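A structural walkthrough
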Amino acid sequence: MRELRALKNVGESGVVMRFAPNPSGPLHLGHARAAYLNDYYVRKYGGRYVLRIEDTDPRRVEPENYQLLIDDTKWMGLNITETVYQSDRFPIYYEHGRKLIEMGAAYVCTCDSESFKKLKDAKEECPCRNRSVEDNLAMWEDMLAGKYAEGSVTVRLKTDIAHPDPAMRDFSIFRVVDSPHPKLKDAKVYPMMNLSVVVDDHLLGITHVIRGKDHIANTKRQEYIYNYFGWKQPEYYHYGRMSIGDVVLSTTAMKNGIREGTYTGWDDIHLGTMKAIARRGILPEAIKNAMIDIGVGQTDIQFSWENLFAANKELIDPVVNRYFCVTDPVKCVVKNAPTVTAKALLNPNDESKGYRELKFSGALYADPADLKDVTMVRFKDLFNAKVSANADGTFSLEYSGESLEDARKEKARIVHWLPADDSQIVKCLLRAPDGDKEGFCERSVIKESGKVVQFERVGFARIDSADNEKVVAYFAHH
RNA sequence: GCUGAUAUAGUGUAGAGGCCAAUCAUGCCGGCCUUUCACGCCGGCGACUCGGGUUCAAAUCCCGAUAUCAGCACCA
């Protein structure tokens, strides 16, 4: 694993960092970068890692997502030292909001958003900006008392209305929302993230923040609040946009798809959620390694499944058991073949894991693709056979000795197979994002349920479910 | 439109003026090993966006162009 660049201004006691998702859905690949990068530095320097759940938009909070988030961070193996919920901290935000109003740093604005935008774009103050502190405070109290309807009023921070960057001009720090919050009974006034984030970062002692570059303007906006309070700003690092192909990430698209039955749930393998990736046999450690390899650069990048798979293979290949799985199987009788029992190592890298036995007596299943256009094959751990294709798509096989040397001499392909004997095999459905394959696998795969195995010459797969009738496996990668 | 950021092989990444005819990983190709087309080992392929400038010397600094991205929400 490569070493990431050192952070600036790391103190004696290490760092305090945070991972701050909002509970609008489960964690996905996009979150993983922030989560693991921050995690990396907390491990590197020591300190605290705060999981902060940013549930300050009641419309985007779904109660069931809280647990989803916690479960995901646990699966990811994040070194979280404490968890805070912003919904528990509204009194703190109100207190600081009031202070800003008292010091004349914020004002209550009753302009509708379009007219404010017009003024803002023209670098012109809105009439509310010069309201007296007393009036602002009175209106603030009325806001908290629920006397204002949603959209009729907002609290803005006084920045610089003529700032060259329009994003900096008197942005909003509190708003009124009429929707109920699942965790707050009577809240009407909600802090905007720039306010709540600054207050929390300061109070929680956050020293370093790694976040996406979509927050780069927020970092500059937040600087105004830090300055008003006389607080010191953390060190920030903004990584570039990461586009992720082949998978659905948008929360609304996922929700709609699940509701309409296009996806089976949050762990549908067409989604980019942690749950879906876990289901596909990817270890959290592999995601972590892939994310650390990507690092904190500001360049926009294309997420590489290839690299993730390589990271995963590095972890699982040495330890995972091997089995045969024949997809699209064709049944073949082998003429003149003796009855023999094949012994195949569970893991050729580790003989101490033992082997599995497959008893051949007359007929086997093979992958037709392996028998096509060849005159001889070596059935791995079994024997050689001469092959001839029949007009009807079947194959005629004839025993041709068990000498491995002969097979090599003939350059025979060494292929996987299964005995055509129901007591030794089980139906296997191998599922992948681009389609399913059906076939058989060794019966002993049943006891690997929940684990990742290697189907020899097919690829790595996670055994999703298994009983005496059927194994369902999800393809991970080659 | 305004503000800001970034531009190194297919992908990711190192490189913060001379050690760079550019690192590592992954990928691809070839070979070895091997009763898996896995793993391992060896070899190979493949990149500094373009144009100016500064300098004895630039992938590295400056300017411009181009491209991409982000922000300009009473979301986070």
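Residues numbered from 1 in each chain as written. Chains lettered and ligands numbered in written order. Predicted model: local features only at pLDDT ≥ 70, side-chain atom pairs only at ≥ 80, totals over all residues. Heavy atoms only, no water.

1. Focus: the overall build of chain A
Basically, it comes down to this: Labels follow the DSSP assignment, with helices taken as runs of H or I lasting at least four residues and strands as runs of E lasting at least two, numbered in each case from the N terminus. We take the radius of gyration over the C-alpha atoms and set the globule estimate at 2.2 Å times the residue count to the 0.38 power. Between two residues, a contact is recorded if the distance between any of their heavy atoms is within 4.5 Å. Residue burial considers only the protein chains on display, and all accessible areas are found by Shrake-Rupley using a 1.4 Å probe. When charges are counted, Lys and Arg contribute as positive and Asp and Glu as negative, whereas His and the chain ends are disregarded. In plain terms, the charge of a residue is placed at NZ if it is Lys, CZ if Arg, CG if Asp and CD if Glu.
A tally of helices and strands in chain A yields 13 helices and 27 strands. For chain A, whose C-alpha radius of gyration is 30 Å, the value lies well above the compact-globule estimate of 23 Å for 478 residues. Along the three orthogonal principal directions, the C-alpha set of chain A runs to about 100 × 50 × 35 Å. Of the contacts formed within chain A by residues at least 6 apart in sequence, a portion of 68% connects residues at least 24 apart. For chain A, the exposed surface amounts to about 21900 Å²; the carbon and sulfur share of it is 48%. With 66 positive and 69 negative side-chain charges, chain A shows a separation of 2 Å between the mean positions of the two kinds.

2. A word on the layout of surface pockets
Quick note on the threshold: The definitions used throughout rest on a 1 Å grid laid over the protein atoms alone, on which a cavity is an enclosed set of points accommodating a 1.4 Å probe that cannot get out and a pocket is an open set flanked by protein within 12 Å on both sides along at least five of seven lines; lining residues are those having an atom within 4 Å of a point. Grid points are joined across faces, edges and corners, and a volume is the space filled by probe spheres set on the points.
There is about 370 Å³ of room inside the second largest pocket. For the second largest pocket, the lining is made up of 17 residues, of which Leu 430, Lys 437, Val 458, Phe 475 and His 478 are closest to its centre.

3. Some remarks on helix α3 (residues 90–102)
To keep it simple, the criterion reads: For a helix, the expected span equals 1.5 Å multiplied by the number of residues minus one. To sort residues, take the accessible area from a 1.4 Å probe on protein chains only and compare it with the maximum for the residue type: under 20% means buried, over 50% means exposed, and anything in between is partly exposed.
Taking 1.5 Å of rise per residue, 13 residues should cover 18 Å, and α3 covers 18 Å from first to last C-alpha, within 8% of that figure. Of the positions making up α3, those classed as buried are Phe 90, Tyr 93, Tyr 94, His 96, Gly 97, Leu 100 and Ile 101. Once α3 finishes, Gly 104 follows within two positions and takes phi at roughly 75 degrees, a positive value.

4. As for the pattern of salt bridges
As a working rule, side chains carrying opposite charge can pair if their charged atoms are close by. Just so we agree on the cut-off: Take a side-chain nitrogen of Lys or Arg and a carboxyl oxygen of Asp or Glu: if they are within 4 Å of each other, that pair is a salt bridge.
What the rule picks out here adds up to 33 salt bridges. For Asp 200, the salt bridge is made with Arg 89, and the minimal N-O distance between the two is 2.6 Å. With Asp 200 in helix α6 (residues 193–203) and Arg 89 in the loop between β3 (82–85) and α3, this residue pair connects regions lying 111 residues apart in the sequence. The same class applies to Asp 200 as to Arg 89, namely buried. Put simply, Arg 356, Lys 380, Asp 381, Glu 442 and Glu 456 are held in one network by salt bridges that share partners.

5. Overview of the protein's contact with RNA strand B
To keep it simple, the criterion reads: One heavy atom suffices: a residue is near a molecule or strand as soon as one of its heavy atoms comes within 4 Å of it. Counted as a polar contact is a pair of N or O atoms within 3.5 Å, where, for protein atoms, one must be capable of donating a hydrogen and the other of accepting one, and residues adjacent in sequence contribute only when both atoms are in side chains. Note on residue classes: Ala, Val, Leu, Ile, Met, Phe, Trp, Tyr, Cys and Pro are nonpolar, Asp, Glu, Lys and Arg are charged, and everything else, Gly too, is polar.
Close to RNA strand B lie 59 residues; Arg 175, Met 192, Glu 306, Asp 381 and Arg 457 are nearest. The share of sugar and phosphate among atoms of RNA strand B within 4 Å of the protein is 71%. Contacts to RNA strand B include Pro 164, whose backbone N or O atom sits 2.8 Å from a sugar or linking oxygen. Separating a base nitrogen of RNA strand B from a side-chain N or O atom of Arg 457 is a distance of 2.3 Å. Elements with a minimum of two residues in the surface near RNA strand B: α4 (113–121), β5 (154–157), β6 (172–176), α7 (216–229), α10 (284–294), β11 (301–302), α11 (305–316) and α13 (404–409). Residues belonging to the surface near RNA strand B are distributed by class as follows: 16 nonpolar, 15 polar and 28 charged.

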